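So you can see what is in the structure, the chains are spelled out below.
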Amino acid sequence: MKKAIFPGSFDPITSGHYDIITRGVTLFDELIIAIGVNSNKKYMFSLEQRKKFIEDSFQNNPKIKVVTYKGLTVDFCQKNNVEFILRGLRNPADFEFEKAIAHTNRDLAPIETVFLLTAASTSYISSSIVREVIRNNGDYTKLVPESVRITKKQ
């Protein structure tokens, strides 16, 4: 059974994340969407909201599981018998950043990283851009899946 993890903070999940998950799940028997918990980071949406956004987006796909975790991603992988880390790449800067992490992860554990290029239609979207649009009362609805559209930050 090929298991992969797609880690991130997903604050919130974007249409770009959704695209990577939808395409990535076809490559594996199980895809774990793992929301990392970083106590030093200030999030716009609570952990529970972020988890619900993702669960609601993929509720009809039995191959997708949503969890939260603390610590190193490779430690989570080893504890859960996950062989692959799935990452999306929007641009060359993403590649350079993700490449360094992938090499480090492989030094720490026998985990392979699989990269998917984002779709051209979502390559400009990031969670930080979405948060900025929301903070300034802009129309963020075309940047996120429907599960986020129906829950505006109070």
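All of these numbers come straight from a predicted model, not from anything done at the bench.

**Topic: the nonpolar core**
Phe6, Phe10, Ile13, Ile21, Leu31, Ile33 and Ile54 are the most contacted members of the largest nonpolar core, which has 28 residues in total. For this core, the secondary structure elements donating two or more residues are strand S1 (3-8), helix H1 (15-24), strand S2 (30-36), helix H2 (47-57), strand S3 (64-69), strand S4 (84-89) and helix H5 (127-135). By residue number, the principal contributor to this core is S2, which donates 3 residues. Excluding its chain neighbours within four sequence positions, the residues that come into contact with Phe6 are His17, Ile20, Ile21, Leu31, Ile32, Ile33, Ala34, Leu86, Arg87 and Gly88. Formed by 12 residues, the second largest nonpolar core is a distinct cluster that contains Ile32, Val67, Val82 and Ile111.

**What about the environment of Ala102?**
Within the secondary structure, Ala102 sits in helix H4 (residues 92-108). Here Ala102 falls in the buried class, since its relative accessible area comes to 8%. Each C-alpha atom of the pair Ala102 and Ile85 lies 8.6 Å from the other, and the pair is 17 residues apart in sequence. Residue contacts for Ala102: discarding those within four places in its chain leaves Thr113 and Phe115.

**Brief notes about the environment of Asn38**
Residue placement: Asn38 occurs in the loop between S2 and H2. We classify Asn38 as partly exposed; its relative accessible area is 36%. Sequence separation of Asn38 and Gly71 is 33 residues, and the distance between their C-alpha atoms is 8.4 Å. Reaching out from Asn38, the side chain makes a polar contact with the backbone nitrogen of Asn40 at a distance of 2.9 Å.

**Looking at unusual backbone geometry**
Put simply, Asp11 and Pro12 share a cis peptide bond, and its omega is -5 degrees. At Phe10, a residue that is not glycine, the phi angle is positive and equals roughly 50 degrees. Relative to the helices and strands, Phe10 resides in the loop between S1 and H1. The exposure class of Phe10 is buried, given its relative accessible area of 1%. Here Asn137, not a glycine, exhibits a phi torsion of approximately 55 degrees, which is positive. As for its placement among the helices and strands, Asn137 is situated in the loop between H5 and helix H6 (146-149).

Thresholds, definitions, all that
Residues numbered from 1 in each chain as written. Predicted model: local features only at pLDDT ≥ 70, side-chain atom pairs only at ≥ 80, totals over all residues. Heavy atoms only, no water. Core = buried A, V, L, I, M, F, W, Y, C linked by side-chain atoms within 4.5 Å. Buried < 20%, exposed > 50% of the residue type's maximum accessible area, 1.4 Å probe, protein only. Helix = DSSP H or I, 4+ residues; strand = E, 2+ residues; numbered from the N terminus. Contact = heavy atoms within 4.5 Å. Polar contact = N/O pair within 3.5 Å; in protein donor to acceptor, adjacent residues only side chain to side chain.

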